[in-house]
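Summary of structural features
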Amino acid sequence: MDWHEWHDAYDSPDSHFGRRLVIVQDRVRRALDDAPPGPLTAVSLCAGQGRDLIGVLAGHPRRGDVRARLVELDERNVAYARRAAATAGLPGVEVVCGDASLTDHYADLAPVDLVLVCGTLGNITDADVERVLDHCTGLCRTGGTLVWTRNRKAPDLVPQVCAWLEERGFERLWVSEPALVQGVGAHRFTGEPRQLPLGQRMFSFIGYDTLRRA
């Protein structure tokens, strides 16, 4: 899978991914709108070209309050995200080229106000989905928002994702209708954040194409 070309679907508003992007950005915007005054922090796992967050911050009144770290492995996507952040005048947005599964990328910033796990859960095994959601209890501060995505192709894992999150102290804010192939959810963390451990791998990114063949 070419993960740089994959982003071209975002440029088609009527595509599944184009519609997903609009919804994710709406949930990010709502999270920023509802956040308390003062500095805000955010992280994005497998951030791709950063369109989920940068596309919102570019025109949001809280743009200057946000310190964000986007972690992405594909160097072309990293370069795209860095250009987008610079063009939008967002010095608080840091784009890291690295393995987004490693806790070391986030430990000095966590727990944060906004966690984005978009484009990740459909590319890893179900066991790793639960593992990364478990780690979100160390990534997200009390009262912070987790925005996530997962395709709803059979077998639909979205209900289980919600159950796993809610078992871990996340309150459901909103989940897209089942008819939307690329599902989007938003949960607020009501628990006490645990210390995010160093030196751990939260998941192994396999790719939905490889998972489907398996």
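Residues numbered from 1 in each chain as written. Predicted model: local features only at pLDDT ≥ 70, side-chain atom pairs only at ≥ 80, totals over all residues. Heavy atoms only, no water.

With respect to the pattern of salt bridges
Pairs can form between side chains of opposite charge once their charged atoms are near each other. All told, the structure shown has 17 salt bridges when counted by the stated rule. A salt bridge links arginine 76 to aspartate 74; the shortest N-O distance between them is 2.9 Å. Given a relative accessible area of 39%, arginine 76 falls into the partly exposed group. Linking aspartate 128 and arginine 131 is a salt bridge whose minimum nitrogen-to-oxygen distance equals 3.2 Å. Here the residue aspartate 128 and the residue arginine 131 both occupy positions in helix 4 (residues 126-139), the gap between them amounting to three residues, near one helical turn. Taking relative accessible area as the criterion, arginine 131 reaches 37% and is therefore assigned partly exposed. Taken together, the salt bridges that share partners define one network made up of Glu130, Asp134, Glu167, Arg168 and Arg194. (Salt bridge = Lys/Arg side-chain N within 4 Å of Asp/Glu carboxyl O. Buried < 20%, exposed > 50% of the residue type's maximum accessible area, 1.4 Å probe, protein only. Helix = DSSP H or I, 4+ residues; strand = E, 2+ residues; numbered from the N terminus.)

Looking at helix 4
Its 14 residues place the ends of helix 4 20 Å apart at the C-alpha level, agreeing with the 20 Å of an ideal helix rising 1.5 Å per residue. Of all the positions in helix 4, only Asp128, Val129, Val132, Leu133, His135, Cys136, Thr137, Gly138 and Leu139 are classed as buried. Next to the buried residues of helix 4 lie strand 1 (40-45), strand 4 (112-117), strand 5 (140-151), helix 5 (158-167), strand 6 (170-175) and strand 7 (182-189). (Expected span 1.5 Å × (residues − 1). Contact = heavy atoms within 4.5 Å.)

Examining unusual backbone geometry
Residue proline 111 is bonded to the preceding alanine 110 through a cis peptide linkage, with omega at 0 degrees. Note that proline 111 resides in the loop between strand 3 (93-97) and strand 4. The backbone of cysteine 46 sits at a positive phi, close to 50 degrees, despite the residue not being glycine. Along the chain, cysteine 46 turns up in the loop between strand 1 and helix 2 (51-57). Taking relative accessible area as the criterion, cysteine 46 reaches 17% and is therefore assigned buried.

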